[in-house]
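Descriptive analysis of the structure
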Amino acid sequence: RMPPKGKKGKGGAKGKGGAGVEAPVEVEQDPEKYILGQLKSALTDATDEDLELGAAMLSEQLPTLQSTYLAEGDVSTAAVQEVLQDAGLEIHGKEESLMAGLCVFTPLKLANPRAVVETSAGTFTAEIFLSKMPVTASNFVDLATAKFYDGTHIHRVVEDFMVQLGCPHTVDPKAGNAGEGAPPPGSSFKLLAGPKAGETLVRGTEGDESGCIPDEFDCEKISNTVGTLAMANNDKPNTGGSQFFVNVADNAMLNFWDDSEAESKHPVFGKVVGEDGLDVVHKIAKSRTDDNERPVKALKVTRITIL
């Protein structure tokens, strides 16, 4: 279903919509000292459940870990073993991989993950609110890690309103069914945070909810302000799957607790960080569009990387 020729404040962002870590940073200090310091901090109050969750998350994120921290042998196995032994832990297997899993992906006291969105119009980074929006954020992290978004295109742009992307049909930038796509029905992902962390959630299998996740409204109220990422839907409950939009204005009428004229409600699960990233999003929002609010010049999402 193509999004209507809506205007700001009318209907929101349509289309089938469809841990906690800080982005790896370039540190001037010795990489091993930095990473081991993170590990020691994470292990300070770690429980058995924390460690099990870290291992579960690691199994899905290992390729990213290897390319981020382990590819150049920044941290030695012996150094990791020493830290783990000091914490009273007996770890079997690839100690350096478990270390990276704990230090980068276990939602202990670390910051939220970040998503680097690379497009043909520029790159922006967004903090993903995993701790506050565990269902919506875990869904997004799962899709991005699986390269679901790579090679798709931004398919709807409304200046002074929002920029929408995430439809799998838009691998073809001229797809007639842009805005109708979602993840595969019945596909699943693990919750990376929250009270049910470690559990598996299955996406919908029938009707409008096919490939979609439950609306996450039992959470902190995070408003659709400038730079926030929110789930798109088709104006019906529980119809968010993979599609999302970036607000380029304060769109409070899209908040799930707002009683204004908007037909649909959109939970926020992230926010663009840095002025440079916001500049990229605002530039995209000013793109020339056709009668369906699709950019005339194809805007490709090269990749989305979770850090």
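Our subject in this report is the structure included herewith. Owing to the predicted nature of the structure, the values given are computational and were not obtained by experimental measurement.

A word on the layout of surface pockets. By volume, the largest pocket is sized at about 280 Å³. Taken together, 15 residues make up the lining of the largest pocket; nearest its centre are V135, L191, K196, E216 and D218. Looking at the lining of the largest pocket, the elements with two or more residues in it are α5 (134–145) and β6 (200–202). Split into classes, the residues belonging to the lining of the largest pocket amount to eight nonpolar, one polar and six charged.

Once that is clear, we can look at the nonpolar core. In this structure, F140 and I304 are the most contacted members of the largest nonpolar core, which totals 54 residues. Top contributing element to this core by residue count: α5, with six residues. In contact with I304, not counting residues within four places along its chain, are A115, V116, V117, F140, A144, Y149, D150 and F244.

Read across the sheet, eight strands follow the order β3-β4-β8-β7-β9-β2-β1-β10 without closing on themselves; strand pairing throughout is antiparallel. Each edge of the open sheet is held by one strand with a lone partner, namely β3 (156–158) and β10 (301–306). Neighbour-to-neighbour, the strand axes of this sheet turn through a mean angle of 25°, independent of strand direction. Here strand β1 (residues 114–119) pairs with strand β2 (residues 122–128) via six bridges, running antiparallel. Among the inter-strand pairings, A115 is bridged to a residue of β2, identified as A126. Helix-sheet contacts for helix α6 (residues 275–285) involve β1, β2, β3, β4 (162–165), β8 (244–247) and β9 (268–273), and the interaxial angle to β2 is about 115°.

Let us now look at the pairing of strand β7 (residues 228–231). Side-chain alternation along β7 places T228 and A230 on one buried face and L229 and M231 on a second face that is also buried. As defined by bridge partners, β7 adjoins β9 across three bridges and the pair is classed as antiparallel. Bridging from a neighbouring strand, L229 pairs with G270 of β9. In this structure, β7 lies alongside β8, joined through three bridges in antiparallel fashion.

Another point: the packing of aromatic side chains. Evaluation of the coordinates by the stated rule reveals eight aromatic pairs. Note on F140 and F269: the rings are 5.3 Å apart at their centroids and 45° apart in plane angle, and the pair reads as tilted. Here the residue F140 occupies a position in helix α5, and F269 occupies one in strand β9, the gap between them amounting to 129 residues. Here Y149 and F244 contribute two aromatic rings whose centre-to-centre distance is 5.7 Å and whose plane-to-plane angle is 85°, an arrangement assigned as edge-to-face. Separated by 95 residues along the polypeptide, Y149 in the loop between α5 and β3 and F244 in strand β8 bring together distant segments of the chain. Just as Y149 is buried, F244 falls in that class too.

Conventions we followed
Residues numbered from 1 in each chain as written. Predicted model: local features only at pLDDT ≥ 70, side-chain atom pairs only at ≥ 80, totals over all residues. Heavy atoms only, no water. 1 Å grid on protein atoms, 1.4 Å probe; cavity = no way out; pocket = protein on both sides within 12 Å on 5 of 7 lines; lining within 4 Å. Points joined across faces, edges and corners; volume = space filled by probe spheres on them. Helix = DSSP H or I, 4+ residues; strand = E, 2+ residues; numbered from the N terminus. Nonpolar A, V, L, I, M, F, W, Y, C, P; charged D, E, K, R; others polar. Core = buried A, V, L, I, M, F, W, Y, C linked by side-chain atoms within 4.5 Å. Buried < 20%, exposed > 50% of the residue type's maximum accessible area, 1.4 Å probe, protein only. Contact = heavy atoms within 4.5 Å. Pairing = 2+ DSSP bridges. Axes fitted to C-alpha atoms, helices over the stretch in contact; angles between N-to-C directions. Phe/Tyr/Trp six-rings, centres within 6.5 Å; stacked < 30°, edge-to-face > 60°.

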